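# Per-entry structural report
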Amino acid sequence: MTEYKDILVCGELVDGNLASITTELLGCGRKLADSLQENLSCMLSSDAIGEASKEAIAFGADKVYAIEHPSLKEYQADSYMQAAEKLVKEILPRIILMGQTFMGRDLAPRLAFRLSTSLATDCLDLSIDPETKALRQTRPVYGGNAQAIFTSELMPQMATIRPKAMSPLDRDDSRKGEVIPFKIDIDMSKVRTKILETMKEEAVGIKLEDASAIVSGGRGLGGPEPFKTTLRELADLLHGAVGTTRPPVDNGWVPAAVYIGLTGKIVAPDIYIAIAISGSSQHIAGCSGSKHIIAINKDPEANIFREAEFGVVGKYEEVVPAFINKLKELLAD
């Protein structure tokens, strides 16, 4: 009988450093590993990993499997799949964690199929069943209107975690761990696509996923101008970012990079201000993790008020400028 043991985080790198989702996964994985009294491992794949291995240990990993290969410089499904599949089949982890990111959404289902196991995606919480030792996976269902808890008897157990749903541990550079170089020969004949060029979009202000405050606007704003003026001014005062729903993106008012929703960015700021947003389930699925939701809408029956902790019924043209002026007064004191 095959023995599965320990927890494996499939990490991501950004410019040679751990991505924020990786530190969140390590924080979650550390708690699960402690509950099972097992080890937490982290897989890092790149052409050159450098100091990121030590960084992973500082954020909670006991072991780091460093996989270096020229074809792993940027995420590409066929090459990353070969690396992940070989490592998993050799070390046989009990639980595999990935982020609900571009990479995780693409790689996790492929790997689950190769391993003949199940996968719970976009999880908001993970825990260990004290009796069965199975992974309890909590994820949104029905467009974010409810949450369900899943367990599976198939091994290994796999889950992707929504960004910002988990908190990273405090970095501790005194932690001890083991860095294990894991050699692999990538079969390039199985790599069916080639990355010709990578273009980075210039970020204006604070990155949406990292913002502690988000000012988001919907179709009710009527055009692109309020996003550039009113919403931007409020966001700057809060040291936050501007977001949106799907219709303004479809209408070309704002770029798709700031779209928040089930098929867009998933955010969980401290403050989420929804202006002229009706509150469809698809949008709520992208911001339901916010600590405090404030809604401003002229329709008292708008669904957004069911989700909001605080709400103002009124025209945004009147409410938001008054809010901005009061905020300026408070900041000036």
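Our subject is the structure that appears above.
Just so you know, these numbers come straight off a predicted model, no measurement behind them.

The side-chain alternation of strand β1 (residues 7–10) yields two buried faces, one formed by Ile7 and Val9 and the other by Leu8 and Cys10. The pairing of β1 with strand β4 (residues 40–46) spans four bridges and is classified as parallel. When the sheet's bridge partners are listed, isoleucine 7 is paired in β4 with leucine 40. In the sheet, β1 pairs with strand β6 (residues 95–99) via three bridges, with the strands oriented parallel.

Next up on the list: the layout of surface pockets. Empty space within the second largest pocket amounts to approximately 390 Å³. Lining of the second largest pocket is provided by 24 residues; of these, Lys164, Ala165, Met166, Ala268 and Gly289 occupy positions nearest its centre. Broken down by class, the residue content of the lining of the second largest pocket amounts to ten nonpolar, seven polar and seven charged.

What follows concerns the nonpolar core. In terms of nonpolar packing, the biggest core is built from 32 residues, with Leu26, Leu97 and Leu126 touching the most fellow members. The biggest single contributor to this core is helix α1 (residues 20–36), with seven residues. Apart from the residues within four sequence positions on either side, leucine 97 is in contact with Ile7, Leu8, Val9, Cys10, Leu25, Cys28, Gly29, Leu32, Leu126, Ala159 and Ile161.

Across all of its chains, the model carries zero disulfides by this definition. Free of any disulfide, cysteine 10 has its nearest neighbouring cysteine sulfur in cysteine 42, separated by 8.1 Å.

Quick look at the pairing of strand β16 (residues 292–297) now. Look at any regular strand and the pattern is simple: side chains alternate between the two faces of the sheet. By the bridge criterion, five bridges tie strand β15 (residues 271–275) to β16 in an arrangement that is parallel. Note that in β16 the partner of isoleucine 273 across the bridge is isoleucine 294. In this fold, the crossover linking β15 to β16 by way of helix α8 (residues 281–287) has right-handed handedness. In the sheet, β16 pairs with strand β17 (residues 310–313) via four bridges, with the strands oriented parallel. Paired with alanine 295 across the strands is glycine 311, a residue of β17.

Moving on to the packing of aromatic side chains. Scanning the model with the defined rule gives three aromatic pairs in all. Between tyrosine 65 and phenylalanine 182 the ring centres are 6.5 Å apart and the planes differ by 90°, which places this aromatic pair in the edge-to-face class. You can see tyrosine 65 sitting in strand β5 (residues 63–68) and its partner phenylalanine 182 sitting in the loop between β12 (178–181) and β13 (213–217), a full 117 residues away along the chain. The pair tyrosine 65 / phenylalanine 182 is uniform in exposure class, with both members buried. Ring centres of tyrosine 75 and tyrosine 80 lie 5.0 Å apart, and the angle between their planes is 70°; on these two criteria the pair is classed as edge-to-face.

Across the sheet, which stays open at both edges, the seven strands sit in the order β7-β11-β6-β1-β4-β5-β12 with parallel pairing between neighbours. Each end of this open sheet is capped by a strand with a single partner; those strands are β7 (119–123) and β12. Between one strand axis and the next, the sheet turns through 20° on average, direction left out of account. This element, α1, spans β1, β4, β6 and β11 (157–161) of the sheet and lies at about 160° to β6. On top of the sheet, helix α4 (residues 102–114) reaches β1, β6, β7 and β11; it is set at about 155° to β6, its chief contact.

The rules behind the values
- Residues numbered from 1 in each chain as written.
- Predicted model: local features only at pLDDT ≥ 70, side-chain atom pairs only at ≥ 80, totals over all residues.
- Heavy atoms only, no water.
- Buried < 20%, exposed > 50% of the residue type's maximum accessible area, 1.4 Å probe, protein only.
- Helix = DSSP H or I, 4+ residues; strand = E, 2+ residues; numbered from the N terminus.
- Pairing = 2+ DSSP bridges.
- 1 Å grid on protein atoms, 1.4 Å probe; cavity = no way out; pocket = protein on both sides within 12 Å on 5 of 7 lines; lining within 4 Å.
- Points joined across faces, edges and corners; volume = space filled by probe spheres on them.
- Nonpolar A, V, L, I, M, F, W, Y, C, P; charged D, E, K, R; others polar.
- Core = buried A, V, L, I, M, F, W, Y, C linked by side-chain atoms within 4.5 Å.
- Contact = heavy atoms within 4.5 Å.
- Disulfide = S-S within 2.5 Å.
- Right-handed = clockwise from strand over helix to strand, strands pointing away.
- Phe/Tyr/Trp six-rings, centres within 6.5 Å; stacked < 30°, edge-to-face > 60°.
- Axes fitted to C-alpha atoms, helices over the stretch in contact; angles between N-to-C directions.

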